[in-house]
Amino acid sequence: MTELLLVRHALPEGGVMDPGLSQTGIAQAERLADWLAGERVDAVCTSPYQRARDTAAPVERRLGMTAGVLEDLREWDGETVRRLVYTPVEEFDPGDPRAVALAEGRFEDFVPELDLPAFRGRIRRVMNEIMDAHPGGRVVVVSHGGLINAYLAMVIDAPRVFWFHPGYTSVSRVRRVPAGRVVVESVNETAHLVADRRVPAAVPVPVPVPGS
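What you are looking at is a predicted structure, and each value in this text was computed from that prediction instead of being measured.

A. Examining the environment of H134 more closely. By the element assignment, H134 lies in the loop between α4 (116-133) and β4 (138-143). For H134, a relative accessible area of 24% puts it in the partly exposed group. Separated by 91 residues in the primary sequence, H134 and A43 have C-alpha atoms spaced 8.0 Å apart. The residues touching H134, leaving out its near neighbours within four places in the chain, are T2, A43 and V139.

Here is the structure:
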């Protein structure tokens, strides 16, 4: 089986076009890297946006890998939507229609002008390409909340494209089983932000004493 670990980028800075990570985001990315070091990982891929590349960087260092940068892992604002100055949702004014939409669970109203067919087609294509390139492997895919929403919605055949709010550096897992079907294994894992992964200590094996 081929497994993808879909990771949303860490908390970025606000107020710039293509932001890197905030200090909080840098700490989140480091915790993610430490956590993933406890798993077998065969490859890392990332969106070209700076917040995703900065999130992938500690993972690359920790695992001794170089991430493949895939243009099609970019967020929805790379479609027909005009690229805007990035503002984390936590910094929205409470009266901002986007903040209201998120608070009310109307995630699909966040970007009503999005060309959904083009967005979904691009996501399906790049995910299939990653799985085809790593048969039987486990790949960390660092991208964006909108992209992860849309892909998981396609996998579970959800009626909405945007249906949940992924946490920063959250991990959602999908697997392609031998028959070719893709199934969801988990959604929005964030244990690495509050806990450390500990490897159980080896149980001592008694050493026979000669003549005993």
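B. Geometry of the pairing of strand β2 (residues 43-46). Alternating residues of β2 divide into A43 and C45 and V44 and T46, and every residue in both groups is buried. The sheet contact formed by β2 and β4 spans four bridges and is parallel. For A43, the partnering residue across the bridge sits in β4 and is V139. For β2 and strand β3 (residues 68-69), the ladder comprises two bridges, and the chain directions are parallel. Its bridge partner being in β3, T46 is matched across the sheet by V69. Handedness of the crossover joining β2 and β3 through helix α2 (residues 50-63): right-handed.

C. Region of interest: the nonpolar core. Of all hydrophobic cores here, the largest spans 31 residues; its most connected members are L4, L6, M127, I130 and Y151. When contributions to this core are tallied by element, the ones reaching two or more residues are β1 (2-8), β2, α4, β4 and α5 (145-156). Here I130 is in contact with L4, C45, L70, L73, V139 and V141, once residues within four sequence places are set aside. Judged by nonpolar contacts, the second largest core, of 14 residues, contains V41, A56, V59 and V142.

D. How the structure looks around α5. Relative to the 16 Å expected for 12 residues at 1.5 Å per residue, α5 spans 17 Å between its end C-alpha atoms, a close match to the ideal helical length. When you tally the buried positions in α5, you get 10 out of 12 residues, the bulk of the element. Within α5, the full set of buried residues consists of G145, G146, L147, I148, N149, A150, Y151, L152, A153 and M154. For α5, the elements touching its buried residues are β1, α4, β4, β5 (171-176) and β6 (182-189). D157, located one to two residues past α5, shows a positive phi value of around 60°.

E. Spatial organisation of the pattern of salt bridges. For the coordinates displayed, the defined rule picks out 14 salt bridges. D34 is paired through a salt bridge with R62; the nearest N and O atoms lie 3.1 Å apart. In this pair, D34 is assigned in helix α1 (residues 23-36) and R62 in helix α2, connecting sequence segments 28 residues apart. The shortest N-O distance in the salt bridge between E39 and R173 comes to 2.5 Å. Here R173 lies in strand β5 and E39 lies in the loop between α1 and β2, a separation of 134 residues in the sequence. By relative accessible area, E39 is classed as buried at 14%.

F. Structural view of the packing of aromatic side chains. Scanning all chains against the criterion turns up two aromatic pairs. Taking 6.2 Å as the distance between ring centres and 35° as the angle between the ring planes, the aromatic pair formed by F119 and F162 counts as tilted. In this pair, F119 is assigned in helix α4 and F162 in the loop between α5 and β5, connecting sequence segments 43 residues apart. The class for F162 is buried, based on a relative accessible area of 6%.

Criteria and cut-off values
- Residue numbers restart at each chain and count upward from 1, following the sequence in its written direction.
- Local features in this predicted model are restricted to residues of pLDDT 70 or higher, and side-chain atom pairs are both shown and tallied only at a pLDDT of 80 or more, whereas totals for entire chains, interfaces and linings draw on every residue.
- Side-chain measures here rest on the full set of heavy atoms in the structure, leaving out hydrogens and waters.
- Helix and strand assignments come from DSSP, with helices taken as H or I runs of at least 4 residues and strands as E runs of at least 2, each series counted from the N terminus.
- Burial status follows relative accessibility: with a 1.4 Å probe on protein chains alone, a residue under 20% of its type maximum counts as buried, one over 50% as exposed, and anything between as partly exposed.
- Contacts are assigned to residue pairs that have any heavy atoms within 4.5 Å of one another.
- When DSSP finds two or more bridges between two strands, those strands count as paired.
- Orient the strands so they point away from the viewer, and a crossover whose first-strand-to-second-strand path over the helix runs clockwise is right-handed.
- Among the buried residues, those of types Ala, Val, Leu, Ile, Met, Phe, Trp, Tyr and Cys that are joined through side-chain atoms within 4.5 Å form a nonpolar core.
- By definition here, a helix of n residues has an expected span of 1.5 Å times n minus one.
- Any carboxyl oxygen of Asp or Glu that lies within 4 Å of a side-chain nitrogen of Lys or Arg is treated as forming a salt bridge with it.
- In summary, the pairing rule links any two rings of Phe, Tyr or Trp, Trp by its six-membered ring, whose centres are within 6.5 Å, and it sorts them by plane angle into stacked for under 30 degrees, edge-to-face for over 60 and tilted for everything else.

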